[in-house]
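Topology and contacts: notes
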Amino acid sequence: NLERGIAMQKEEREILKILRDDSRISLTRIAKELNIDIREVYNKIKKLENSIITKYSTLMDFEKIGFPIIINYIIVPKTKVEDEILKGFLLNHTKVNNLYRTETGYISELIFKDMKEFSDFNEILDRFKLKQKKFHPVIKEIKREGFLFG
């Protein structure tokens, strides 16, 4: 339930749902769709931006821009020192699209234009002292950004 963390009115939940679907929608259109005053929409969005909304972004079809290979990687370093070095490497590598910290290591989403780029990345990763390195090629995206409303 959305209300568990931050108290929200029904209209705020509806605004979030609309913005999750199209973050470029106009305030006028939201106001018309929800049948509320545009100033109220503006104030509610400002409230959400100060509490829940962390950023607006564009979702891309990487294949259409020449990057058809998506790999999800599980990477577990052997030591705390290696963990810090690995974290810095992953944070700064241009092929890392998303990076998540887990209890033991990292899960990362990497984007490549071809298998050569993937192979080059693997060669660099082999220089780290790792407990585990396991990759999962993404065959097909089935759902993205659907939590709560999708």
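Shown above is the structure to which this text applies.
The present account deals with the structure reproduced in this document. Nothing here was measured: the structure is a model prediction, and the numbers come from that model. Throughout, a residue's number is its position along its own chain's written sequence, starting from 1. A pLDDT threshold of at least 70 governs which residues receive local features in this predicted model, and a stricter bar of 80 or more applies before side-chain atom pairs are shown or counted, although totals over entire chains, interfaces and linings include all residues. For side-chain calculations, the full set of non-hydrogen atoms in the structure is used, while hydrogens and water are omitted.

Here the focus is the overall build of the protein. Under the scheme used here, helices are H or I runs from DSSP no shorter than 4 residues and strands are E runs no shorter than 2 residues, and both carry numbers assigned from the N terminus. Of regular secondary structure, the protein possesses five helices and four strands. In sequence order, the secondary structure elements of the protein are arranged as α-α-α-β-α-β-β-α-β. On C-alpha atoms alone, the protein measures out to a radius of gyration of 20 Å, which is more than a quarter above the 15 Å that the 2.2 N^0.38 rule sets for 150 residues. In terms of principal-axis extent, the alpha carbons of the protein reach across some 60 × 35 × 25 Å. Here the protein holds 150 residues, and the buried ones make up 31% of them. Here the analysis covers contacts within the protein between residues at least 6 apart in sequence; of these, 63% occur between residues at least 24 apart. When the accessible surface of the protein is summed, it comes to about 10,900 Å², and 50% of that surface belongs to carbon and sulfur atoms. Here the positive residues are Lys and Arg and the negative ones are Asp and Glu; neither His nor the chain ends is included. Where a charge sits is defined by one atom per residue type, namely NZ (Lys), CZ (Arg), CG (Asp) or CD (Glu). Once the 29 positive and 24 negative side-chain charges of the protein are each reduced to a mean point, those two points are 2 Å apart. Our radius of gyration looks at C-alpha atoms and nothing else; its globule reference is 2.2 Å times the residue count to the power 0.38. The buried label applies to any residue whose accessible area, calculated with a 1.4 Å probe on protein chains only, is under 20% of its type's maximum; exposed applies above 50%, and partly exposed to all values in between. Pairs of residues are marked as contacts when any of their non-hydrogen atoms sit within 4.5 Å. Surface accessibility in these figures is a Shrake-Rupley result with a 1.4 Å probe; residues are shielded only by whichever protein chains are displayed.

This next bit is on the nonpolar core. Residue types Ala, Val, Leu, Ile, Met, Phe, Trp, Tyr and Cys, when buried and joined through side-chain atoms within 4.5 Å, form a set referred to as a nonpolar core. Counting 16 residues, the largest nonpolar core has Y73, L86, L90, F121 and L125 as its most contacted members. Looking at this core, the elements with two or more residues in it are strand 1 (69-77), helix 4 (80-92), strand 3 (106-112) and helix 5 (115-125). Ranked by the residues each element gives to this core, the list is headed by strand 1, at four residues. If we ignore the near neighbours within four places in the chain, the residues touching L90 are I75, V96, L99, Y106 and F121. Among the nonpolar cores identified, the runner-up in size contains 14 residues, and L16, L19, V41 and L48 belong to it.

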